[in-house]
Amino acid sequence: MTKAAAIRAVKGFRDVLPDESRRWQAIENAAVATFVRYGFGEIRLPILERTELFARSLGESTDVVEKEMYTFVDRDETSVTLRPEATASVVRAYLESGLAQSDPTAQLFYRGPMFRRERPQKGRYRQFYQIGAEVLGREDALADAELLVMLARLLETVQARGVRLELNSVGDAACRPAYTETLRAFGRAHLAQLCGDCHRRLERNPLRLFDCKVETCRAVLADAPMILDALCDPCRTHLAQVRALLDVCGVTYGMNPRLVRGLDYYVRTAFELVAEGLGAQNAVGGGGRYDGLVAALGGPAVAGVGFALGLERLASVSEVAVDEAGPAAIVLPLDAGGVAPALRLATRLRDEGLTVNLEPSGRSLKALLRVADRRRARLAIIVGEDELQQGRATVRDLTRHVDRRHALALDAPGPELARSVRAFLETLA
Ligand code: HAM
């Protein structure tokens, strides 16, 4: 028979193994604790949504909607999409669940995988994970500022290195249209120096010009008119209030007048967290205000503001403390007769809160001790024939490789067993 070919993961999709996911857990735990402290509750959202949700909210001319969505027709002919982001879903849930009436100023956080069919590269995947938070129904600058303070605190807690906050205002329906026309006129005047993509952007959505990575386009745009100079009074006041509140809390940030974000729902506040040394994919997170989104999705005219962090990227700049310690003990039954007593022993120790591994029998003690080392266990509890006869397991200190023969009574009650094991652990090097 020919050997079956191994099946590989789909391009841009990857596995997160325990060493990496331990870091993710530390970050997620810190995020959840921080969000809860600021009054947010978790919302668990579906991964699949109707395609229309994203088409209507993210903007038809964004890269995400134009070419990056995993969209397919379901068996009942509905067009569905693997969510490329979660803000649209949060707003849908806010309306569908009645929160818009029962808790109009809901503060929600979420975590989970998102899907975008981008060209995979370092820090960019087709399935990636976000942790995000959204505040609905609040137009006041305090909502923006509080979110940014929370974000800054979280970055400190997870010891994110070299991350800076960049802030901008992208205006609103009152001032952006006029600015967009000014920018279009500027672009048309420099048409010859702009790439083909920018020619398209110019007609469909001139703000997207600032997304262009082509050097010559960037050089042209260095002289483009800035939205910050074109804001209407309410947008200008909002930005000034946000900045003043950030200053009160000592949150440091830089203004980036070219920051436009990749999704179309933003108004006023837009921000990004940019990490040094991450290369091209240096945005660890981003967000902003989306005051028109709830209405665009069929709800009342209520405001919203939020952000999302990319977990892969955040983990790569985080120096969060991760518990790398192995199990307190590993129980090693040497032969078939030791299996049941070993399971009973391990279970009672685990019931008492100890981290205990258990290995199957059938290998030599030497082989089992190699496993114990690989798992970084501190103690080995050996259950061999001799131990069974005596009713007492041997405990080996794996830091110094010294045995205490028949040191643990196999039939002792759980608390007593746990006390003995803890006493052993205290004597370790
Ligand atoms: P976004 O800027 O599209 O915003 O994504 C947020 C973060 O997700 C990015 O800064 C990045 O860290 C991560 N990310 C995005 N695409 C990828 C990818 N292909 N691979 C790895 N990481 C990626 C949003 O998604 C908005 N929903 C944020 C928001 C919430 N705005 C308001 N509320």
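Residues take numbers from 1 onward in each chain, read along the sequence in its written order. It should be noted that, the model being predicted, local features are given only for residues of pLDDT at least 70 and side-chain atom pairs only at 80 or more, the latter also being counted only at that level, while totals for whole chains, interfaces and linings use all residues. Side-chain measures here rest on the full set of heavy atoms in the structure, leaving out hydrogens and waters.

*Asks:* In this structure, what is going on with the pattern of salt bridges? I would like to understand it.
*Replies:* Close approach of charged atoms allows side chains of opposite charge to pair. A pair is scored as a salt bridge if a Lys or Arg side-chain nitrogen falls within 4 Å of a carboxyl oxygen belonging to Asp or Glu. This structure, assessed with the given rule, holds 33 salt bridges. The closest approach of N and O atoms between Arg56 and Glu52, which form a salt bridge, is 3.2 Å. Linking Arg56 with Glu52, this pair stays in helix 2 (residues 51–58), spanning 4 residues, or about one helical turn. Burial classes: relative accessible area under 20% of the type maximum marks a residue as buried, over 50% as exposed, and values in between as partly exposed (1.4 Å probe, protein chains only). The class of Arg56 is partly exposed, set by a relative accessible area of 46%. Asp411 is the salt-bridge partner of Arg344, the closest N and O atoms lying 2.7 Å from each other. Linking Arg344 in helix 13 (residues 339–351) with Asp411 in the loop between strand 16 (402–409) and helix 16 (414–426), this pair joins segments that are 67 residues apart in sequence. A relative accessible area of 42% means that Arg344 is categorised as partly exposed. Taking relative accessible area as the criterion, Asp411 reaches 65% and is therefore assigned exposed. Helix and strand labels come from DSSP, where a helix needs a run of H or I of at least four residues and a strand needs a run of E of at least two; each type is numbered from the N terminus.

*Asks:* Please clarify how the pairing of strand 3 (residues 70–73) should be interpreted in this entry.
*Replies:* Consecutive side chains of a regular strand alternate in pointing toward one face of the sheet and then the other. Strand pairing is assigned whenever DSSP identifies at least 2 bridges connecting the two strands. Two strands pair when backbone bridges link them, and strand 3 and strand 4 (residues 79–82) are joined in this way by 4 bridges, in the antiparallel orientation. Each residue of the ladder has a partner; that of Tyr70, found in strand 4, is Leu82. The turn joining strand 3 and strand 4, which pair antiparallel and follow one another in sequence, is formed by 5 residues; a positive phi near 75° is taken by Glu77.

*Asks:* What is the right way to read the site of the ligand from this model?
*Replies:* Looking at the ligand, there are 27 residues lining it, with Glu85, Glu118, Glu134, Tyr266 and Ala283 nearest. Between N or O atoms, a polar contact is any pair within 3.5 Å; within protein, one atom must be a potential hydrogen donor and the other a potential acceptor, and residues adjacent in sequence are included only when both atoms are from side chains. The contact in question runs from a nitrogen atom of the ligand to an N or O atom on the side chain of Glu118, over 2.7 Å. Measuring from an oxygen atom of the ligand, one finds a side-chain N or O atom of Gln130 at 3.1 Å. Computed by Shrake-Rupley with a 1.4 Å probe, the accessible areas treat only the displayed protein chains as cover when residues are assessed. Taking 660 Å² as the accessible area of the ligand by itself, protein coverage stands at 95%. Of all the elements in the fold, those that place two or more residues in the shell around the ligand are strand 6 (127–136), strand 10 (283–289) and strand 11 (304–310). The leading source of residues in the shell around the ligand is strand 10, at 6 residues. Each residue receives one of three labels: charged for Asp, Glu, Lys and Arg, nonpolar for Ala, Val, Leu, Ile, Met, Phe, Trp, Tyr, Cys and Pro, and polar for the others, Gly being one of them. The residue makeup of the shell around the ligand, split by class, is 11 nonpolar, 9 polar and 7 charged. Proximity is defined per residue: any heavy atom of the residue falling within 4 Å of a molecule or strand makes that residue near it.

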